[in-house]
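Read off the chains here:
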Amino acid sequence: MNELIDKINNLKNELNNTKEVQEIISINRLISQDKDLLDKINKYNLTKDERIKEEILKNKLFKEYKDKEIDLNILIMQINSELKKINSKGSCSL
């Protein structure tokens, strides 16, 4: 059991050090400092105003975040695909 926990912790550390995770963390920091963008996001969440949404979508930092989010989702899909391969090898086909 300890070996499994160690392997999971190693995997988490490896994932945290990937380019995709590091980039999205960096952009999150920048977004957290962009008060104008945060205000627009909060206003949009309250009002669902399409004009505000368009302003958010035009924001360079927000666009960059969405691009990195896609990269991260692709990484997650790749990991899931590999895990399915591992899991199917160990299954019993009764």
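Residues numbered from 1 in each chain as written. Predicted model: local features only at pLDDT ≥ 70, side-chain atom pairs only at ≥ 80, totals over all residues. Heavy atoms only, no water.

Trainee: Lay out a nonpolar patch on the surface in plain terms, naming residues and giving numbers.
Mentor: Taken together, Met1, Leu4, Ile5 and Ile8 make up a surface patch of nonpolar side chains, about 430 Å² in accessible area. Structurally, Leu4 can be placed in helix H1 (residues 2-16). (Patch = residues over 30% accessible without salt bridge, like charges linked within 9 Å, V, L, I, M, F, W, Y side chains within 5 Å. Areas by Shrake-Rupley, 256 points an atom, 1.4 Å probe, with all protein chains shown as cover. Salt bridge = Lys/Arg side-chain N within 4 Å of Asp/Glu carboxyl O. Helix = DSSP H or I, 4+ residues; strand = E, 2+ residues; numbered from the N terminus.)

Trainee: So what's going on with the environment of Gln22? Residues and values would help.
Mentor: Position of Gln22 among the secondary structure elements: in helix H2 (residues 19-33). On a C-alpha basis, the gap between Gln22 and Asn59 in space is 21 Å, while along the polypeptide they are 37 residues apart. Those residues in contact with Gln22 that lie beyond four places of it in its chain are Asn16 and Asn17. (Contact = heavy atoms within 4.5 Å.)

Trainee: Describe the nonpolar core, and please don't skip the residues or the numbers.
Mentor: The biggest cluster of nonpolar side chains holds 13 residues, and the ones touching the most others in it are Ile27, Ile31, Leu37, Ile56, Tyr65 and Leu72. Mapped onto this core, the elements with two or more residues apiece are H2, helix H3 (35-47), helix H4 (50-58) and helix H5 (60-89). If we skip the residues at most four places from it in the chain, Ile27 touches Leu61, Glu64, Tyr65 and Lys68. (Core = buried A, V, L, I, M, F, W, Y, C linked by side-chain atoms within 4.5 Å. Buried < 20%, exposed > 50% of the residue type's maximum accessible area, 1.4 Å probe, protein only.)

Trainee: Describe the side chain of Glu20, listing the residues and the values that go with them.
Mentor: With respect to the element layout, Glu20 can be found in helix H2. Lys19 provides the closest opposite charge to the buried, salt-bridge-free Glu20, at an N-O distance of 4.7 Å. (Lys, Arg positive; Asp, Glu negative; His and termini not counted.)

Trainee: Describe unusual backbone geometry, listing the residues and the values that go with them.
Mentor: Peptide bonds are, in most cases, trans, and in most cases residues other than glycine have a negative phi. One non-glycine residue, Lys48, lies in positive phi territory at about 60 degrees. Residue position: Lys48 is located in the loop between H3 and H4. Overall, the relative accessible area of 47% leaves Lys48 in the partly exposed class.

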